[in-house]
Amino acid sequence: MNKTSPIEPAKAMGRTVGCLSGTIGAGCMQIIGVLLCLTGIGAIVGIPLIIMGFAAPAVTGAITGEIMIKSSCPACGQAIEDIKKPGYDCPACGERLIAKEKTMYLARDIIDG
Ligand SMILES: [Zn+2]
């Protein structure tokens, strides 16, 4: 009997991280946008930048929310929160883990068949 762990989408955490980075990016965009507006002709680029700045936190939050997963190491139970990818190394026990669909497997179980 192979050990596995279920994988859940970690939307709440992903959104928080996404919104934070989005807000920082948005702040930069808006500052650059305002500075460009001050140059007169720069307002052509500056105004869209300011508008994008308002939308960015929601957009990056939604995207990041889709790519974060939450699971645990099937070998030792260590909680794993990371971006969605095909394989992980457990930070606690060093086991190589393989993510398939919504289940986390030990790489050695898959290799052994
Ligand atoms: Zn582990």
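My aim in this report is to walk through the structure given alongside it, one point at a time. Treat the numbers as computed from the prediction; the structure is a model and nothing was measured. (Residues numbered from 1 in each chain as written. Predicted model: local features only at pLDDT ≥ 70, side-chain atom pairs only at ≥ 80, totals over all residues.)

1. Considerations on the sheet that holds strand S4 (residues 79-83)
Strands sit in the order S2-S3-S4 across an open sheet of three strands; the sheet is antiparallel. This sheet does not close on itself; its edge strands, each paired only once, are strand S2 (8-9) and S4. Of the pairings in the sheet, the one linking S2 to strand S3 (residues 68-72) comprises two bridges and is antiparallel in character. Within the sheet, the bridge partner assigned to Pro9 lies in S3 and is Ile69. (Pairing = 2+ DSSP bridges. Helix = DSSP H or I, 4+ residues; strand = E, 2+ residues; numbered from the N terminus.)

2. Section: unusual backbone geometry
For Glu101, which is not glycine, the phi dihedral falls at a positive 50 degrees. Among the structural elements, Glu101 can be located in the loop between strand S6 (96-100) and strand S7 (103-106). Accessibility expressed as a C-beta count within 10 Å gives 5 for Glu101, which makes it exposed. (Buried ≥ 20, exposed ≤ 12 C-beta atoms within 10 Å, placed from the backbone.)

3. A short note on the sheet that holds strand S5 (residues 87-89)
Pairing within the open sheet is antiparallel, and its four strands lie in the order S1-S7-S6-S5. Sheet topology places strand S1 (4-6) and S5 at the edges, where each strand pairs with a single neighbour. If you compare each strand with its neighbour and ignore which way they point, the axes differ by 25 degrees on average. Alignment of S6 against S7, held across four bridges, turns out to be antiparallel. Paired with Ile98 across the two strands is Tyr105, which belongs to S7. (Axes fitted to C-alpha atoms, helices over the stretch in contact; angles between N-to-C directions.)

None of this, on its own, says anything about what the molecule does.
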